[in-house]
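Analysis of the macromolecular model
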Amino acid sequence: MQSIFADVGFGHFLALGAVLFAIGVAGVLLRKNVLIIMMSIELMLNAANLTILTFARMHGDLGGHSFAMIVMAVAAAEVAVGLAIVVAIFRGRRHVDVDRLNLLKH
Amino acid sequence: MSARTVTTLLIQLALGGLVAFALAGRAQAQPQQPVDAEARAQAQAQPIDPPRSSTPAGKGVSKRDQVQSPSAGAPATAAAQRTKGGLALAFWAFAALTVLGSVFVITRKNLVTAVMGMVGTFFALSALYMLLYAHFLAIIQMLVYAGAIMVLFVFVIMILNKPEDEPYAQSGKFGKGVAGVAMAYLLFRIGQVLIDVPSHLSAAQNAAPAKTAAGYDWGSTAAVGMNLFTDYLFPFEAVSLCLLIAVVGAIAIARPLKDDPSEPADAPGPAGAGGH
């Protein structure tokens, strides 16, 4: 049996994408700071990009590259708006703790 | 120098060292490039002395291809083995850097440390995109993520510089149990994928991607641009509109309100001219 350390295939890239996505999910679920949560969302988007590009390489289809580019643009827009919301919330409340941002809950 | 600064510096040094290590592995793999590309075609017919001069096709073959070329003949075996080792080393080093950086993001209490881990993750991902022949996307990844988005994060952290008292969310025993079981299952399945993946792919999959119909290298700026501006023109225009809306929305949200009582008097906002 060949060692997995000697050769890398597409599956390794896909598994790495899955690991990265799982870490992003864990960050969103575990942390309370909004900034860390947004960074974890970025991690998940990057994991999706890695998977898309791996499949593009597998199938020789450049459409995956276009998709990844669009994902990056949407991620940039999401970060811009999200950080603006964070700044606006911090201006009024002096904290960005998601467990205490429960205005719509009560 | 506070302990936090020292920790951040140490982390940056470790990440930089990993990158240097991986780059050394790649540089070691570089000189073998033309040999293996030719040897794969001539392994059976001419076992000795593969020509050093590389044809245009040989130039297009990059290291990613050599990782998975199982059909290399006897003379190229040693070189291919070394190349393979170097490339596999590059993949594993960058994959380790990616995972390490993302773990840093979700575990560090210091926000700046988390951002630094994120920068390492993005650089390593960019290198992995290169291994997948996505040259243009790799550069864009560096410019957009490691450049623009990280700067945005650092700016916001600078604005709200407030230490957390309790960084992790509370969860009961039930939630922890469910999360543990789900995590164990996920890790098990990922390990399965990693072990079961075929290390020898078909020849068609091993080959470097063919040039596009217009004659551009696969994954290059020109090829991606042709694809984006012909087949995916509408999504491209839609995403440009999305960016415009995001810019306007971000300014509208972050602008301080008129006569906002919660606005501190001694902090003139960046958009103060428009807001007052």
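What you see is a predicted model; the values in this text were computed from it and never measured. (Residues numbered from 1 in each chain as written. Chains lettered and ligands numbered in written order. Predicted model: local features only at pLDDT ≥ 70, side-chain atom pairs only at ≥ 80, totals over all residues.)

**Description of the overall build of chain A**
- The secondary structure content of chain A amounts to three helices and zero strands.
- For chain A, buried positions account for 51% of its 106 residues.
- Expressed as a percentage of contacts within chain A between residues at least 6 apart in sequence, the contacts between residues at least 24 apart total 48%. (Helix = DSSP H or I, 4+ residues; strand = E, 2+ residues; numbered from the N terminus. Buried ≥ 20, exposed ≤ 12 C-beta atoms within 10 Å, placed from the backbone. Contact = placed C-beta atoms within 7 Å.)

**Observations concerning the overall build of chain B**
- Of regular secondary structure, chain B possesses twelve helices and zero strands.
- Starting at the N terminus and walking to the C terminus, you meet the elements of chain B as α-α-α-α-α-α-α-α-α-α-α-α.
- Here chain B holds 276 residues, and the buried ones make up 29% of them.

**Remarks on the packing of helix α3 (residues 63-93) of chain A against helix α7 (residues 135-159) of chain B**
- Contact pair α3(A) / α7(B): the axes reach a minimum separation of 11 Å and the direction vectors enclose 5°. Comparing the axis directions of α3(A) and α7(B) gives the class roughly parallel. The residues of α7(B) that touch α3(A), namely those facing A:His65, A:Ala68, A:Met69, A:Met72, A:Ala76, A:Val79, A:Ala80, A:Leu83, A:Val86 and A:Val87, are B:Phe136, B:Leu137, B:Ile140, B:Val144, B:Ala148, B:Ile149, B:Leu152, B:Val156 and B:Ile159.
- Classifying every residue of the contact of α3(A) with α7(B) by side-chain character gives 18 nonpolar, one polar and no charged. (Axes fitted to C-alpha atoms, helices over the stretch in contact; angles between N-to-C directions. Parallel < 35°, antiparallel > 145°, perpendicular 65-115°, else oblique. Nonpolar A, V, L, I, M, F, W, Y, C, P; charged D, E, K, R; others polar.)

**Considerations on the interface of chain A and chain B**
- Tallying the contact residues gives 64 residues for chain A and 75 residues for chain B.
- For the side of chain A that touches chain B, the secondary structure elements donating two or more residues are α1 (10-30), α2 (34-59) and α3 of chain A.
- Take the side of chain A that touches chain B: its biggest share by element is 23 residues, from α3(A).
- Residue classes in the side of chain A that touches chain B are distributed as 42 nonpolar, 15 polar and seven charged.

**Remarks on the environment of B:Phe236**
All names here are of chain B.
- Mapped onto the elements, phenylalanine 236 comes out in helix α11 (residues 233-254).
- Phenylalanine 236 gets classed as partly exposed once you count the C-beta atoms within 10 Å, which come to 15.
- Other than its neighbours up to four places away in sequence, phenylalanine 236 contacts Leu228 and Phe229.

**Here we look at the confidence of the model for chain A**
- With 93% of its residues at a pLDDT of 70 or more, chain A shows a mean pLDDT of 86.
- Between the elements of chain A, mean pLDDT differs from a low of 87, seen in α1(A), to a high of 91, seen in α2(A). (pLDDT = per-residue confidence, 0-100.)

**A closer look at α2(A)**
Residues and elements named next belong to chain A.
- Look at α2: 38 Å from first C-alpha to last across 26 residues, which is about the 38 Å you get at 1.5 Å a residue.
- Counting buried residues in α2 gives 19 out of 26 residues, a clear majority hidden from the surface.
- In the segment just after α2, glycine 60 is the residue with positive phi, at about 60°. (Expected span 1.5 Å × (residues − 1).)

**Some points on the packing of α1(A) against α2(A)**
Residue and element names in this part refer to chain A.
- Put simply, α1 and α2 touch, their axes get as near as 8 Å, and they point 165° apart. Here α1 is positioned roughly antiparallel relative to α2, judged by the angle of their axes. Like other packed secondary-structure pairs, α1 and α2 cross with a definite hand, here left-handed. Contacts between α1 and α2 involve Phe10, Phe13, Leu14, Leu16, Gly17, Leu20, Phe21, Ile23, Gly24, Val25, Gly27 and Val28 from the first element and Ile36, Ile37, Ser40, Ile41, Leu43, Met44, Asn46, Ala47, Leu50, Thr51, Thr54 and Met58 from the second.
- Grouping the amino acids of the contact of α1 with α2 by side-chain chemistry returns 17 nonpolar, seven polar and no charged. (Left-handed = near helix turned anticlockwise from the far one by under 90°.)

**Points about the confidence of the model for chain B**
- Looking at chain B, pLDDT values average 70 and 54% of them are 70 or higher.
- Across residues 266-276 of chain B, confidence stays below pLDDT 50; counting only partners more than four residues off in sequence or on other chains, it has ten contacts.

**With respect to the environment of B:Trp92**
- Assignment of secondary structure puts B:Trp92 in helix α5 (residues 77-107).
- By the C-beta count within 10 Å, which is 17 here, B:Trp92 ends up partly exposed.

**Comments concerning α11(B)**
- A rise of 1.5 Å per residue sets the reference length of α11(B), with its 22 residues, at 32 Å; its end C-alpha atoms lie 32 Å apart and thus fit the reference within 8%.
- Residues of α11(B) that are buried in the fold lie against α3 of chain A.

**With respect to the environment of A:Val74**
- Examined against the element boundaries, A:Val74 turns out to sit in helix α3.
- Take A:Val74: there are 16 C-beta atoms within 10 Å of it, and that puts it in the partly exposed class.
- Along the chain, A:Val74 and A:Leu45 lie 29 residues apart, while their C-alpha atoms are 9.7 Å from each other.
- In this structure A:Val74 touches B:Val239 and B:Cys242, once residues within four positions along its chain are discounted.

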